[in-house]
Amino acid sequence: MDQWRARFDAEVTFANGGGLRTEGFRLDLPGPEIDDAQLAALFVRHLGLLMVAGVEISNKKIIAEAHKGGRGVTAAPTGRRLVELSHVLRDGMVTLPGFPPPRISDWLTWEASRERYAAGVEFHIARIDMIANTGTYLDTPAHRWPGSADLAATPIDRLADLPGRGPGRYRFDQH
């Protein structure tokens, strides 16, 4: 299977001021054809940039090269089967019967941001209030035993390539 990467220079300007310039940046591509606007969007997503006002692409060259990994481009199959467990949360949806549902609202609206910040600077910030067990949930030792490892302290290798079991039959040992 052929894999493609772009080698390019980019100049990013931010809506809140400042900028970023790269030279000879390499980025995995889904295929050999990509225009500058698509490449700019992939670049912004790969870097996780926020408040981008514009991206200028120059010196673009598409090369046949193995993917190195990145956001937005699926890597070559590895023989492993990964199962996506996430799902969309909606305001008021029941995630666990008897537990409070998530509440999704505005913390800062587009209109309020225009009043609060400099001319031309606008954005939206949502607010989500929910219990920790909402959505895809992983029970960790800290849920049952005080002072035990929570999710942040659980090594990732304990969470991958595990055998599957039916609902309600998972168990973490304390150690």
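Computed from a predicted model, the values in this text were never measured in an experiment. (Residues numbered from 1 in each chain as written. Predicted model: local features only at pLDDT ≥ 70, side-chain atom pairs only at ≥ 80, totals over all residues. Heavy atoms only, no water.)

1. Some remarks on the overall build of the protein
Quick note on the threshold: Numbering of helices and strands runs from the N terminus, with a helix taken as a DSSP run of H or I at least four residues long and a strand as a DSSP run of E at least two residues long. We call a residue buried when its accessible area falls under 20% of the maximum for its residue type, exposed when it is over 50%, and partly exposed in between, using a 1.4 Å probe and counting protein chains only. Should any heavy atoms of two residues lie within 4.5 Å, those residues are counted as being in contact. Surface accessibility follows the Shrake-Rupley procedure with a 1.4 Å probe radius. Residue values consider only the protein chains on display as shielding.
If you tally the helices and strands in the protein, you get 3 helices and 5 strands. In the protein, the order of α-helices and β-strands from amino to carboxyl end is β-β-α-β-β-α-β-α. Within the protein, buried positions represent 21% of all 175 residues. Considering only contacts in the protein between residues 6 or more positions apart, those separated by 24 or more positions represent 53%. Counting only carbon and sulfur atoms, one obtains 53% of the accessible surface of the protein, whose full area is about 12,900 Å².

2. Things to note about the sheet that holds strand 1 (residues 4-14)
The pairing of strands in a sheet happens through backbone hydrogen bonds and is either parallel or antiparallel. Formally: DSSP bridges decide pairing: two strands pair if at least two such bridges lie between them. Each axis is a line fitted through C-alpha atoms, taken for helices only over the stretch in contact, and angles between the N-to-C directions span 0 to 180 degrees.
Spatially, the 3 strands line up as an open sheet ordered 2-1-3, and their pairing is antiparallel. Each edge of the sheet is formed by a strand with only one pairing partner; in this case those strands are strand 2 (19-29) and strand 3 (52-64). Along the sheet, successive strands turn relative to each other by an average axial angle of 20°, direction set aside. Relative to strand 3, strand 1 runs antiparallel, the two being bridged by 10 bridges. From the neighbouring strand, T13 faces strand 3, where its bridge partner is G54.

3. A short note on the pairing of strand 2
Where strand 1 lies against strand 2, 9 bridges are found, and the strand directions are antiparallel. Paired with R5 across the strands is D28, a residue of strand 2.

4. Digging into the packing of aromatic side chains
Which entries qualify depends on this criterion: Pairs were defined over the aromatic rings of Phe, Tyr and Trp, the Trp ring being its six-membered one, requiring ring centres within 6.5 Å. Orientation was assigned from the angle between planes: stacked under 30 degrees, edge-to-face over 60, tilted for the rest.
The full count for this structure, using the stated rule, is 4 aromatic pairs. Measuring from centroid to centroid gives 5.7 Å for F8 and F25, while their planes differ by 55°, and the two rings are tilted. Of this pair, F8 sits in strand 1 while F25 sits in strand 2; the two residues are 17 residues apart in sequence, bridging distant segments of the chain. The interplanar angle of 85° and the centroid separation of 5.4 Å between the aromatic rings of F8 and F43 together place this pair among those described as edge-to-face. With F8 in strand 1 and F43 in helix 1 (residues 36-47), this pair connects stretches of sequence that are 35 residues apart. One aromatic cluster is present, formed by F8, F25 and F43 through successive ring pairs.

Note that every value here comes from positions in space, so none of it alone points to a role or purpose.
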